[in-house]
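Each chain, letter by letter, is given below.
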Amino acid sequence: MKNLVLLTFLIFGSFNVLQAQEQGDSRLHVLGQYGLRLDEPGIGLGWEYFFAPKFGLMPSYTQIFPAVGRSSNFSADLRYYLSEGISQVYVVSGYSLTTENPQPNTAGTRRNYSGANVGVGAVIPIIDWVGLSTEFKFQSQGIQQTYFRFGLQFPLGK
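Residues numbered from 1 in each chain as written. Predicted model: local features only at pLDDT ≥ 70, side-chain atom pairs only at ≥ 80, totals over all residues. Heavy atoms only, no water.

(A) Quick look at empty space enclosed by the protein. This model, assessed by the stated rule, comprises one cavity of 30 Å³ or more. Volume-wise, the largest cavity comes out at about 30 Å³. Those elements giving two or more residues to the lining of the largest cavity turn out to be strand E7 (130-139) and strand E8 (146-157). Of the residues belonging to the lining of the largest cavity, the class tally is three nonpolar, one polar and three charged. (1 Å grid on protein atoms, 1.4 Å probe; cavity = no way out; pocket = protein on both sides within 12 Å on 5 of 7 lines; lining within 4 Å. Points joined across faces, edges and corners; volume = space filled by probe spheres on them. Helix = DSSP H or I, 4+ residues; strand = E, 2+ residues; numbered from the N terminus. Nonpolar A, V, L, I, M, F, W, Y, C, P; charged D, E, K, R; others polar.)

(B) Summary view of the pattern of salt bridges. The full count for this structure, using the stated rule, is seven salt bridges. For Arg27, the salt bridge identified is with Glu48, shortest N-O distance 3.2 Å. Taken as a pair, Arg27 in strand E1 (residues 26-35) and Glu48 in strand E2 (residues 40-52) lie far apart in primary sequence, 21 residues in all. Of the two residues examined, Arg27 and Glu48, each falls in the buried class. The closest approach of N and O atoms between Arg79 and Glu135, which form a salt bridge, is 3.1 Å. Here Glu135 lies in strand E7 and Arg79 lies in strand E4 (residues 70-81), a separation of 56 residues in the sequence. (Salt bridge = Lys/Arg side-chain N within 4 Å of Asp/Glu carboxyl O. Buried < 20%, exposed > 50% of the residue type's maximum accessible area, 1.4 Å probe, protein only.)

(C) Structural detail: the pairing of E7. Across the ten residues of E7, eight count as buried, placing the element largely inside the fold. For strand E6 (residues 111-127) and E7, the ladder comprises ten bridges, and the chain directions are antiparallel. Bridged to Gly119 within E7 is Lys137. Alignment of E7 against E8, held across eight bridges, turns out to be antiparallel. Bridging across to E8, Phe138 finds its partner in Thr146. Counted along the chain from E7 to the antiparallel partner E8, the turn is six residues long, and its residue Gly142 has a positive phi close to 60°. (Pairing = 2+ DSSP bridges.)

(D) How the structure looks around the sheet that holds E4. Read around the closed barrel, eight strands run E1-E2-E3-E4-E5-E6-E7-E8, paired in antiparallel fashion. Strand-to-strand twist of the sheet, defined as the mean angle between neighbouring strand axes without regard to direction, takes the value 25°. Strand direction decides the pairing type here: strand E3 (residues 55-64) and E4, joined by ten bridges, are antiparallel. Residue Thr62 lies in a different strand from E4, and its bridge partner there is Asn73. (Axes fitted to C-alpha atoms, helices over the stretch in contact; angles between N-to-C directions.)

No statement about biological role is implied by the geometric values presented.
Okay, here's the thing in structure tokens:
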């Protein structure tokens, strides 16, 4: 319930100062991630490219740290920015591939799960060259977990 209240505040509280990115812009994202179902933290990198007004494509890679074994995730997400101004609120939809190995160094234990992503997020500038990126994303593959992603974004320009 706290997450829903926080998300609602974030979306409606930032509508008065929002702005979309221009076509050709790009951003580098350094992300932290937390799986809300299995308490799995992760860290990752992403690169967002704005190919049309209000539309961004963001591939990202995340190394997940489960209690046992190894896990990683590759996502290719389409973002649509709902707002214009300093901060940006967006919805996300995309493809995700999770690779896990619950027993490292043992033959035949690696598994791949692919599926869809859906979510909502916001990018809030801190200073001119860095911003705060937050996102709630549900991934349909495997254990069907919701993730809270947070991190820093660095505009790269055109």
